[in-house]
Amino acid sequence: MRKMIPLLALAAAVGVSGAAQAQTLKSVQDRGSLICGVNPGLDGFAAKDSNGQWSGFDVDFCRALAAAIFNDPSKVQYVPLSAEARFDALKNKQIDVLARNSTWTMGRENDYGIVFPGVTYYDGQAFLVPKSRNLQSALELDGSKVCVQPGTTTEPNFIDFFETNHMKYEVVHEPGIPEMIAAYQGGQCNVMTTDESGLFAMRLQMAKPGDSMILPDVISKEPLGPVVRQDDMQWFNIVKWVSFAMINAEELGVGSKTIDDALKSQKPAVKRLVGTEGDFGKPLGLTNDWAVRIIRAVGNYGEAFNRNVGVNSKLGIPRGLNELWDNGGIQYAPPIR
Ligand SMILES: N[C@@H](CCC(=O)N[C@@H](CS)C(=O)NCC(=O)O)C(=O)O
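Residues numbered from 1 in each chain as written. Predicted model: local features only at pLDDT ≥ 70, side-chain atom pairs only at ≥ 80, totals over all residues. Heavy atoms only, no water.

Colleague: Would you take a moment to explain the packing of helix α9 (residues 233-251) against helix α13 (residues 301-308) for this structure?
Modeller: Each pair of packed helices can be described by the angle between their axes along with the distance between the axes. Across the interface, α9 lies against α13 with an axial gap of 6 Å and an inter-helix angle of 100°. Comparing their axes, α13 and α9 come out roughly perpendicular. For the pair α9 and α13, contact is made by M246, I247 and E250 and by Y301, G302 and A304, respectively. The residue makeup of the contact of α9 with α13, split by class, is four nonpolar, one polar and one charged. (Axes fitted to C-alpha atoms, helices over the stretch in contact; angles between N-to-C directions. Helix = DSSP H or I, 4+ residues; strand = E, 2+ residues; numbered from the N terminus. Parallel < 35°, antiparallel > 145°, perpendicular 65-115°, else oblique. Contact = heavy atoms within 4.5 Å. Nonpolar A, V, L, I, M, F, W, Y, C, P; charged D, E, K, R; others polar.)

Colleague: What am I meant to see in the state of the cysteines here?
Modeller: Disulfides are covalent bonds that connect the sulfur atoms of two cysteines. Considering all chains together, one arrives at two disulfides under this definition. Through a disulfide, C36 is tied to C62; the S-S separation comes to 2.1 Å. What sets the handedness of the C36 and C62 disulfide is the S-S torsion sign, and at about -85° it is left-handed. Note that C36 is positioned in strand β1 (residues 34-38) and C62 in helix α3 (residues 57-70), a separation of 26 residues in sequence. Exposure remark for C62: the relative accessible area of 0% places this residue in the buried category. (Disulfide = S-S within 2.5 Å. Buried < 20%, exposed > 50% of the residue type's maximum accessible area, 1.4 Å probe, protein only.)

Colleague: Looking at this structure, how should I read the packing of α9 against helix α12 (residues 290-297)?
Modeller: Following both chains from N to C, one finds α9 and α12 inclined at 65°, their axes separated by 10 Å at the closest point. Relative to α12, the element α9 lies roughly perpendicular. As for how α9 packs across α12, the hand of that crossing is right-handed. Residues W241, V242, A245, M246 and A249 of α9 touch α12, and the partners they reach there are W290, A291, I294 and I295. Residues belonging to the contact of α9 with α12 are distributed by class as follows: nine nonpolar, no polar and no charged. (Left-handed = near helix turned anticlockwise from the far one by under 90°.)

Colleague: Honestly, the side chain of T103 in this entry has me stumped. Any pointers?
Modeller: Counting through the fold element by element, T103 comes out in the loop between β5 (97-98) and α5 (106-112). Here T103 is in contact with R108, F116, T153, K221, E222, P223 and L224, once residues within four sequence places are set aside.

Colleague: What should I look at first to understand the environment of G41 in this one?
Modeller: Mapped onto the elements, G41 comes out in the loop between β1 and β2 (47-48). Residues G41 and N71 lie 30 residues apart in sequence; the distance between their C-alpha atoms is 26 Å. Ignoring any residue separated from it by four or fewer positions in sequence, one finds G41 in contact with A46, A47 and I177.

Colleague: Honestly, the sheet that holds strand β10 (residues 169-173) in this entry has me stumped. Any pointers?
Modeller: Sheet strands pair by backbone hydrogen bonding; their relative direction is either parallel or antiparallel. Strand order across the open sheet formed by five strands is β10-β9-β11-β8-β12, with mixed pairing between neighbours. Only two strands of the sheet have a single partner each, and these edge strands are β10 and β12 (212-214). Taking the axes of each pair of neighbouring strands and ignoring which way they run, one obtains an average angle of 30° across the sheet. When strand β9 (residues 144-148) meets β10, the two strands line up parallel, connected through five bridges. Note on β10: the bridge partner recorded for K145 is E170. Across the sheet, helix α8 (residues 196-204) lies against β8 (125-130), β11 (191-195) and β12, angled at about 125° from β11, the strand it touches most. (Pairing = 2+ DSSP bridges.)

Colleague: Would you mind going over the nonpolar core with me for this structure?
Modeller: If you look at soluble globular proteins, the nonpolar side chains tend to sit buried side by side. Counting residues in each nonpolar core, the largest one holds 78 residues, and the members touching the most others are L34, L65, M192, W235 and L273. Top element by residues in this core is α9. It accounts for eleven residues. For L65, the contacting residues outside a window of four places in its chain are L34, V97, W235, I238, V239 and V242. In terms of nonpolar packing, the next biggest core, distinct from the first, is built from 14 residues, L135, A138, F158 and M167 among them. (Core = buried A, V, L, I, M, F, W, Y, C linked by side-chain atoms within 4.5 Å.)

Colleague: Would you take a moment to explain the pattern of salt bridges for this structure?
Modeller: Note on pairing: side chains with opposite charge can pair once their charged atoms come close. Enumeration according to the criterion identifies eleven salt bridges in this entry. The partner of R319 in a salt bridge is E250, and the shortest N-O contact between them spans 3.0 Å. Of the two residues, R319 is situated in the segment after α13 and E250 in helix α9; the sequence distance between them amounts to 69 residues. Here R319 and E250 have matching classes, each one buried. In this structure, D289 and R293 form a salt bridge, with 3.2 Å as the shortest nitrogen-oxygen distance. Accessibility expressed as a relative area gives 30% for D289, which makes it partly exposed. When its relative accessible area of 15% is taken as the criterion, R293 is described as buried. What emerges from the salt-bridge pattern is a single network uniting D60, R63 and R307. (Salt bridge = Lys/Arg side-chain N within 4 Å of Asp/Glu carboxyl O.)

Colleague: What is the right way to look at the site of the ligand in this model?
Modeller: The ligand sits among 19 residues. The nearest are N39, T103, R108, Q149 and D195. A distance of 2.9 Å separates an oxygen atom of the ligand from a polar atom in the side chain of R100. In the model, an oxygen atom of the ligand is placed 2.7 Å from a nitrogen or oxygen of the Q149 side chain. In isolation the ligand has 500 Å² of accessible area, and contact with the protein removes 97% of it. Tallied by class, the residues present in the shell around the ligand amount to six nonpolar, nine polar and four charged. (Near = heavy atom within 4 Å. Polar contact = N/O pair within 3.5 Å; in protein donor to acceptor, adjacent residues only side chain to side chain. Areas by Shrake-Rupley, 256 points an atom, 1.4 Å probe, with all protein chains shown as cover.)

Pasting the structure below:
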């Protein structure tokens, strides 16, 4: 018998952890809120105002998930995470999902046992320079002092770019956005590099935004999206289909202002989206009106994009690659059917 105890203990431990692993939805429901890892402060993506209210494109993704689960977009606890801390926080289960302008790479999935269920924003890396440098192209950056944040894809990308083009550089590491802006404005570096969306956001925070320009070259692919652990297919599918539902809603012309009409629609694809036909939410552990809840609370993909980073926001970023596939872009969601 004594020999059995360790084996039984091992089996019990494996059984318990096996069950616990596939339980993200249940633990979110039991807790009564979703724990979402976000950027500590990046205008357009995630930022907290003086009343403690979070807003932004990534924040809206957390709200959409909470709406699908609780029919209440406010049931989210936001955990601000630095670039370096974010994937460990997900791996170590401090958060249920990461929505923090994070680039999908193979190495990140391999190294942390995480998975990107989709791309919510197709971005690319660019360079911001003082207009006084009179540069036209990133190929003229030889000898620059480059401000960059560790723990990002940004640093290896720019080093690849400089080395491939036989240009010299000096790296100036800064731990976050305020430090990066201070170093750039203080002249410790004479170029700043990150995702183009981040450069738009950071330029707005500068004392004289008009004194800087973003060079036209885009040197990398930065497919940004939410991230979950690899241990829970149900949760992966929920996050994936929340993202796809918002894109499909835009494609079908269903938005926060037209959702009541959509509920009366006779169009088969709209009926499946809003749950008046078919059984699409329940197999995920949600209700069949899961997408209605998202669209009512947060809107479709285009609404979230325009409100936070696009034409209706202070960032004013063009839709570009993030246009829908049938409108010249590459945002494309598999059908709900
Ligand atoms: N998409 C890139 C860059 C993400 C990133 O962390 N960018 C910086 C510069 S825009 C940032 O958001 N910093 C905010 C902070 O850590 O305070 C990645 O996933 O590595």
